[in-house]
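Breakdown of the fold
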Amino acid sequence: GDGIKDGDVLVTNHPKAGGTHLPDITVITPVFVNGTAVFFLASRGHHADIGGIAPGSMPPFSKFLSEEGCAIESCFLVKNHVFQEQVITKLLTDAGTRNLKDNLSDLKAQIAANNKGKELMSALIGEYSLQVVQAYMRHIQNNAEGAVRQMLQRIHAQYQTQQNSKNKNQ
């Protein structure tokens, strides 16, 4: 099909696509080197309202995802450097957004933030090379994985200690 290209930006907020809750909309911009996407930059912004059955888009009494507002699995927010205002406007208005102007402004701000990140990432690659930047990114990911594993092991050990203590006291 029509894959993502330089000058495209995706948008999502759906739980199936890693969304937290619908008002947190994620804008995703690829960074290309020699025609290949080598990184993806993302900004997640909380939108005050994206439709649904109650203002704020987080009704505690909703029974279906659609009742919480606009749910976007994935679509082009920018295609070939052109903001897809009609597409996103239809998605948001069909879901009943109460302040489309703010939604569009916030999405444009997220695009601008990603574009700045893309500019900075391209400069970093230009200065240090793609290979070096990717190596450091892998190091950061490995370090984060190790830190999370250590934290989970500590939590597990604390839980086991608490359980053993409870069992001894019974």
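As a reminder, the structure under discussion sits directly above these lines.
The text that follows walks through the structure, step by step, so that each part is easy to find. Not measured: the values here are computed from a predicted model.

Side note on helix α2 (residues 100–128)
Under the 1.5 Å per step criterion, the end-to-end length of α2 is 42 Å for 29 residues, consistent within 8% with the ideal 42 Å. The complete set of buried residues in α2 reads N103, L104, L107, Q110, I111, N114, K118, M121 and I125. Just beyond α2, the residue with positive phi is S129, at close to 95°.

Some remarks on the environment of I72
By the element assignment, I72 lies in the loop between β3 (36–46) and β4 (75–79). Among the residues examined, I72 registers a relative accessible area of 3% and is labelled buried. Sequence-wise, I72 and V33 are 39 residues apart; in three dimensions their C-alpha atoms are separated by 28 Å. Residues contacting I72, with those up to four places away along its chain left out, are V11, T12, N13, H14, I88 and L91.

Looking at a nonpolar patch on the surface
On the surface, a cluster of nonpolar side chains totalling about 390 Å² of accessible area is made up of L124, Y128, V132 and Y136. Counting residues per element, the ones that place at least two in the nonpolar patch are α2 and α3 (130–169). Of note, V132 is situated in helix α3.

Brief notes about the nonpolar core
As a rule of thumb, soluble globular proteins bury nonpolar side chains together. Counting 16 residues, the largest nonpolar core has V11, V27, L77, I88 and L107 as the members making the most contacts within it. Within the second largest apolar cluster, eight residues are counted, among which are V33, V38, L41 and M121.

A look at the packing of helix α1 (residues 85–94) against α2
Two numbers describe how α1 lies on α2: the axes approach to 11 Å, and their chain directions differ by 130°. Classified by the angle their axes make, α1 and α2 are oblique. Here α1 and α2 pass one another in a crossing that is right-handed. When α1 is examined against α2, the residues E85, I88, T89, L92 and T93 are found in contact with a partner set consisting of L100, N103, L104, L107 and K108. Across the contact of α1 with α2, the residue classes tally to five nonpolar, three polar and two charged.

Thresholds applied
Residues numbered from 1 in each chain as written. Predicted model: local features only at pLDDT ≥ 70, side-chain atom pairs only at ≥ 80, totals over all residues. Heavy atoms only, no water. Helix = DSSP H or I, 4+ residues; strand = E, 2+ residues; numbered from the N terminus. Expected span 1.5 Å × (residues − 1). Buried < 20%, exposed > 50% of the residue type's maximum accessible area, 1.4 Å probe, protein only. Contact = heavy atoms within 4.5 Å. Patch = residues over 30% accessible without salt bridge, like charges linked within 9 Å, V, L, I, M, F, W, Y side chains within 5 Å. Areas by Shrake-Rupley, 256 points an atom, 1.4 Å probe, with all protein chains shown as cover. Salt bridge = Lys/Arg side-chain N within 4 Å of Asp/Glu carboxyl O. Core = buried A, V, L, I, M, F, W, Y, C linked by side-chain atoms within 4.5 Å. Axes fitted to C-alpha atoms, helices over the stretch in contact; angles between N-to-C directions. Parallel < 35°, antiparallel > 145°, perpendicular 65-115°, else oblique. Left-handed = near helix turned anticlockwise from the far one by under 90°. Nonpolar A, V, L, I, M, F, W, Y, C, P; charged D, E, K, R; others polar.

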